[in-house]
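Coordinate inspection notes
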Amino acid sequence: MRTAVDRIFDLLGALTERASGVSLQEAAQASRLSKPTAHRLLTDMIGRGIVRQDKAASGNYALTLELALIAFKQLGELGFLDICQPTLDELAALSGELVRLAWRDHDRLVILSEAQGAKPGLRFDANLGRPVVLHTMAAGKVFLASQPRAEALRLVRKQGLMGSPDTGPNAIQSEDELALELSRVERQGYALAYDEGDLGAAAIAVPILDPKTRAFLGSVAIVGPTVRWTKAKLSELAPSLNEAAAVIAGKAAIAPFCRRIAEANTRTSRAV
């Protein structure tokens, strides 16, 4: 049974589908709510400045920047972006591609910061704030490989996207394939994704580990188009990625935000 918080977040998720806004009917259907319930919640959120309604034209509902401002204020106050961004910028300049930093939030990875090294044209752009699809993205694979196999399977099953037609042609389709891939990632120390999350996308990622406990904190990845990168060429970026990951891990060790998340993740892992 969904709680009131579940309904609100499902509704917020529905509003992210289209920047121009969605109708009440669309919002209700996407969030699996009745129209009266969706309307009541949207009205409440308008009152809080989280949602706006285009009453003069379409009548559609859309998110304001209020939630984004809250999130970035938190990150700014905690100094997280300031700590990591210079290292990401250097890696982006070196690779000439998009660099992504994903951080662990209990059972998921969230993309928190990026640096663009590719020139305008054929390149991949921002995914800030989005959760990582664990079995199709290189960043997710290094997270899964850091966990006991039973836990890795639990995380993938929880996300529930294996076998989805929305993934690339090389996406992992079975738990046996996943186990083989995670063993490969463990041996290599890095993960590759090639036409897996999206057709035409190539990526390599390495884990960011706590310098003392070696617990998984997050991952740093380089993403580019397959027309510019073979798997062999991607693999050559692993040493530079590992250097960047070590720098970020060292800085994270003294950042209160990072320490609190790491401690919370450790408590969660022990409880599983």
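Note that the structure is a prediction, hence the values are computed from the model and not measured. (Residues numbered from 1 in each chain as written. Predicted model: local features only at pLDDT ≥ 70, side-chain atom pairs only at ≥ 80, totals over all residues. Heavy atoms only, no water.)

Structural notes on the side chain of D210
- Positionally, D210 belongs in the loop between β6 (201-209) and β7 (216-225).
- Relative accessible area serves as the criterion here: at 3%, D210 is assigned to the buried category.
- Within the local environment of D210, its side chain forms a polar contact with the backbone nitrogen of K212, the two atoms lying 2.8 Å apart. (Helix = DSSP H or I, 4+ residues; strand = E, 2+ residues; numbered from the N terminus. Buried < 20%, exposed > 50% of the residue type's maximum accessible area, 1.4 Å probe, protein only. Polar contact = N/O pair within 3.5 Å; in protein donor to acceptor, adjacent residues only side chain to side chain.)

Structural notes on the pairing of β7
- β7 sits mainly inside the fold: 10 of its 10 residues count as buried.
- Across 6 bridges, the pairing between strand β3 (residues 98-105) and β7 is antiparallel. Counted as the bridge partner of W103 is G218 from β7.
- Examined bridge by bridge, β6 and β7 share 9 bridges and lie antiparallel to one another. Residue pairing for β7: V206 is matched across the bridge by V220. (Pairing = 2+ DSSP bridges.)

Focus: the side chain of T87
- The residue T87 is located in helix α5 (residues 80-95) in this model.
- Those residues in contact with T87 that lie beyond four places of it in its chain are A244, V247, I248 and K251. (Contact = heavy atoms within 4.5 Å.)

Points about the pattern of salt bridges
- Applying the stated criterion to the full structure yields 14 salt bridges.
- As a salt-bridge pair, D107 and K158 come within 2.9 Å of each other at their nearest N and O atoms. In this pair, D107 sits in the loop between β3 and β4 (108-116) while K158 sits in helix α7 (residues 149-159), placing the two residues 51 residues apart along the sequence.
- Judged by relative accessible area, which is 17%, D107 ranks as buried. (Salt bridge = Lys/Arg side-chain N within 4 Å of Asp/Glu carboxyl O.)

Quick notes on the pairing of β4
- Burial of β4 is extensive: 7 of the 9 residues sit out of reach of the surface.
- As paired strands, β3 and β4 are joined by 8 bridges and run antiparallel to one another. Within β4, the residue paired with R100 across the bridge is E114.
- Linking two consecutive strands that pair antiparallel, namely β3 and β4, is a turn of 2 residues; a positive phi of about 60 degrees is found at H106 within it.

As for the environment of Y61
- Position of Y61 among the secondary structure elements: in strand β2 (residues 61-63).
- Among the residues examined, Y61 registers a relative accessible area of 4% and is labelled buried.
- It is 9.6 Å that separates the C-alpha atoms of Y61 and A19, two residues lying 42 residues apart in sequence.
- Aside from chain neighbours lying at most four places away, what touches Y61 is L15, G21, V22, L24, H39, L42, I46, V51, R52 and Q53.

Remarks on the sheet that holds β6
- Read from one edge to the other, the open sheet built from 5 strands follows the order β4-β3-β7-β6-β5, with strand pairing classed as antiparallel. In this open sheet, the two strands that pair with only one neighbour each are β4 and β5 (191-194). Looking at each pair of strands side by side, their axes are set apart by 25 degrees on average, direction ignored.
- Two elements, β5 and β6, share 4 bridges in a ladder whose sense is antiparallel. Of the residues in β6, the one forming a bridge with Y194 is A202.
- The sheet contacts of helix α10 (residues 238-252) involve β3, β6 and β7, and relative to β6 the element is tilted by about 40 degrees. (Axes fitted to C-alpha atoms, helices over the stretch in contact; angles between N-to-C directions.)

As for unusual backbone geometry
- Despite not being glycine, R32 shows a phi value in the positive range, around 55 degrees.
- Topologically, R32 is positioned in the loop between α2 (24-30) and α3 (35-47).
- Here H106, not a glycine, exhibits a phi torsion of approximately 60 degrees, which is positive.
- By the element assignment, H106 lies in the loop between β3 and β4.
- Among the residues examined, H106 registers a relative accessible area of 31% and is labelled partly exposed.

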